[in-house]
Amino acid sequence: MKMIDIIYKKRNGEILTKEEINYFIHGYNEERVPDYQMSALLMAIYYKGMNKTETVNLTNAIIDSGDIIDLSLINGLKVDKHSTGGVGDKTTIALGALVAANNVPVAKLSGRGLGHTGGTIDKLEAIPGFSADLSIEKFADQVNKINISLGGQTKDLAPADKKLYALRDVTATIDNISLIASSVMSKKLASGADRIVLDVKTGSGAFMKDIDEAFALGKAMVDIGNGVGKDTVAIITDMEQPLGNTIGNGIEVWEAIQLLKGKAPEDLLELCRYLGSYMLLLAEKVSTLEEGMKEIQEVIDNGKALEVFKTFIKCQGGEIHYIDKPELLYKTKYVYEYTAIKDGYIHQLDAELIGKCALTLGAGRLEKSTEIDHKVGLELQKKIGNYVKKGDIIVKIYYNEKRKLDEALKLFEKSLVLSDEFKAARKIIHGVVTKEGEKRLS
Ligand code: URA
């Protein structure tokens, strides 16, 4: 087999066989296929697409490039939740406790953030002492004892995806449905979950800017999961503006804790209830979505989820007095209050630009080696649809280095549109894709 023949074939819009897909994935992973040929093939895939069988074969080839984690040491049905990446998305932090408090095992392997979207591990590391560096035995043992554990993805999990993702990132080939679906699902399937809930984001802060494209991505991933016998659902959710009111690391943990205390913004609470309820449904804890939402609300109201969260943080080395005083997690040297320059309705708060604003302050990393500042971030005082009067505070910016503020302010100003006309925020849940088909809700 020759790489050039595979490139020709895809360039001409033909369907690749399983053997050809295995050839280029293993060849690239083992450094027999050079970057220039893989780049050409990725661009051909980007333009000509892949059908369902090719996408499944691509996913399996990526899984086969590394280890498959065996979670059989953990009792019960393990349901994993994965988000395709958003700004202000702290749902994993709150959901873990909400679902574990319902006696469903949460065995979560998470990643770190790169670019304008943050990673769950970076956020939780804002709590001094917290570590996601656990052996598989300790990881499993903790889930069996307290229902929840959070580990880092090892380098041996789907290693071909890491290499491919890095190449896609610099060859403008990220936003292709087959490539995203196989990248996400290879990691989920190699992580050993029994059932999978996917949160597919759509809007300015997401890879899938367009709602129809997000449904198509959801369907591709649901087909892959169900195709290998793992019950998978995709919830299509909004990322036109940041989720909740905070963007950063410590400040997002603070907001997740507020949620567990029953003090969350409505969009974040609705999303957590919805995703959590699907996790309970797939784990066979409840039999309807309504029942699931009631159970999720119940563990907030009776304080059980907050207790579970404290135990989880303590077991992973975190100093728990930060949970009692979570405002310490975003205590910076300076706070800037950005105010409205005129009266009007908030029309736009572009999620991607706000993510970049937090990145500029030091909350994220553009390169893997960058140290992040866990305390900096933003706290929105207003969201799309709110009315402001000249001088009202729109956002509080928490920062530690004066030189970074100007650039951050420029990005925030660019993200914001004020108008005389009212515009309602989009609904947070756009719909659901299951093996039975799709249901649109917006
Ligand atoms: N997240 C992933 O893990 N892979 C992609 O390709 C896009 C988002």
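Position numbers for residues start from 1 in each chain and track the written sequence from start to end. Given that this is a predicted model, residues contribute local features only at a pLDDT of at least 70 and side-chain atom pairs are listed and counted only at 80 or more, while totals for whole chains, interfaces and linings are drawn from all residues. The side-chain quantities take in all heavy atoms of the structure and omit both hydrogens and water.

K.L.:
How would you sum up the pairing of strand E13 (residues 429-434)? Please name residues and give values.
P.N.:
Think of it in three bands: with a 1.4 Å probe and only protein chains considered, a residue is buried below 20% of the maximum accessible area for its type, exposed above 50%, and partly exposed in between. Numbered from the N terminus, helices here are DSSP runs of H or I no shorter than four residues, and strands are runs of E no shorter than two. The element E13 is largely enclosed, with a buried count of six among its six residues. Two strands are said to pair when DSSP picks up at least two bridges between them. Sheet topology note: the strand E5 (residues 232-238)/E13 ladder contains four bridges and is antiparallel. Bridge pairing in E13 links threonine 237 to isoleucine 429. Between E13 and strand E14 (residues 437-440), which follow one another and run antiparallel, lie two residues.

K.L.:
Break down unusual backbone geometry for me, citing the residues and quoting the values.
P.N.:
A negative phi holds for most residues other than glycine; trans holds for most peptide bonds. For asparagine 103, which is not glycine, the phi dihedral falls at a positive 60 degrees. Considering the arrangement of structural elements, one finds asparagine 103 in the loop between helix H5 (91-100) and strand E2 (106-110). The exposure class of asparagine 103 is partly exposed, given its relative accessible area of 47%. At alanine 172, a residue that is not glycine, the phi angle is positive and equals roughly 55 degrees. Residue classification places alanine 172 among the exposed positions, given a relative accessible area of 54%.

K.L.:
Quick rundown of the environment of glutamate 291? Include the residues and the values.
P.N.:
Assignment of secondary structure puts glutamate 291 in helix H13 (residues 289-301). When the C-alpha atoms of glutamate 291 and aspartate 133 are compared, they prove to be 35 Å apart, with 158 residues separating the residues in sequence. Any two residues whose heavy atoms approach within 4.5 Å are treated as being in contact. Setting aside residues up to four positions removed in sequence, glutamate 291 forms contacts with Lys285 and Val286.

K.L.:
Before we move on, can you summarise helix H7 (residues 136-146) with the specific residues and values?
P.N.:
Looking only at H7, the buried set comprises Phe139, Ala140, Gln142, Val143 and Ile146. Angular distribution of buried residues about the axis of H7 spans 160 degrees; they occupy a single face of the element. Set apart from the buried face of H7 by more than 90 degrees, the exposed residues are Glu137 and Lys145. In this structure, the buried residues of H7 make contact with H5, E2, strand E3 (148-152) and helix H14 (304-315). Once H7 ends, the next one or two residues include asparagine 147, with phi positive near 75 degrees. In this context, the arc is that of the directions from the helix axis out to the C-beta atoms.

K.L.:
Please give an account of the sheet that holds strand E10 (residues 387-388) that cites residues and values.
P.N.:
Taken together, the three strands give an open sheet; going across it, the order is E10-E8-E12, and neighbouring strands pair in antiparallel fashion. Edge positions in the sheet fall to E10 and strand E12 (416-419), since each has one partner strand and no second. Direction of pairing for strand E8 (residues 344-349) relative to E12: antiparallel, over a ladder of four bridges. By the bridge assignment for E12, glutamine 348 is matched with valine 417. Running at roughly 45 degrees to E12, helix H17 (residues 405-415) makes contact with E8 and E12 of the sheet. Axes here mean lines fitted to C-alpha atoms, for a helix over just the part in contact, with angles spanning 0 to 180 degrees between N-to-C directions.

K.L.:
Pulling in residues and values, what's your account of empty space enclosed by the protein?
P.N.:
Lining residues are defined by having an atom within 4 Å of a point belonging to a cavity or pocket. Those points lie on a 1 Å grid over the protein atoms alone, cavities being sets where a 1.4 Å probe fits but cannot get out and pockets being open sets with protein on both sides within 12 Å along at least five of seven lines. Grid points are joined across faces, edges and corners, and a volume is the space filled by probe spheres set on the points. Here the structure, examined in full by the defined rule, presents six cavities of 30 Å³ or more. Reported here for the second largest cavity is a volume of approximately 70 Å³. Along its surface, the second largest cavity is lined by Thr92, Ile93, Gly96, Val106, Lys108, Thr120, Leu124, Ile148, Ser149, Leu150 and Phe312. Where the lining of the second largest cavity is concerned, the elements lending two or more residues are H5, E2, helix H6 (120-124) and E3. For this classification, Asp, Glu, Lys and Arg are treated as charged, while Ala, Val, Leu, Ile, Met, Phe, Trp, Tyr, Cys and Pro are nonpolar and the rest, including Gly, are polar. Along the lines of polarity and charge, the residues of the lining of the second largest cavity split into six nonpolar, four polar and one charged.

K.L.:
Run through the side chain of serine 204, naming residues and quoting values.
P.N.:
Note on placement: serine 204 falls in the loop between strand E4 (195-202) and helix H10 (211-227). What qualifies as a polar contact is a pair of N or O atoms within 3.5 Å, subject to a donor-acceptor requirement within protein and to the restriction that residues adjacent in sequence count only when both atoms come from side chains. Looking at serine 204, its side chain comes within polar contact range of the main-chain nitrogen of alanine 351, at 3.0 Å. Those residues in contact with serine 204, other than ones at most four positions away along the chain, are Lys209, Met239, Glu240, Asp350, Ala351 and Glu352.

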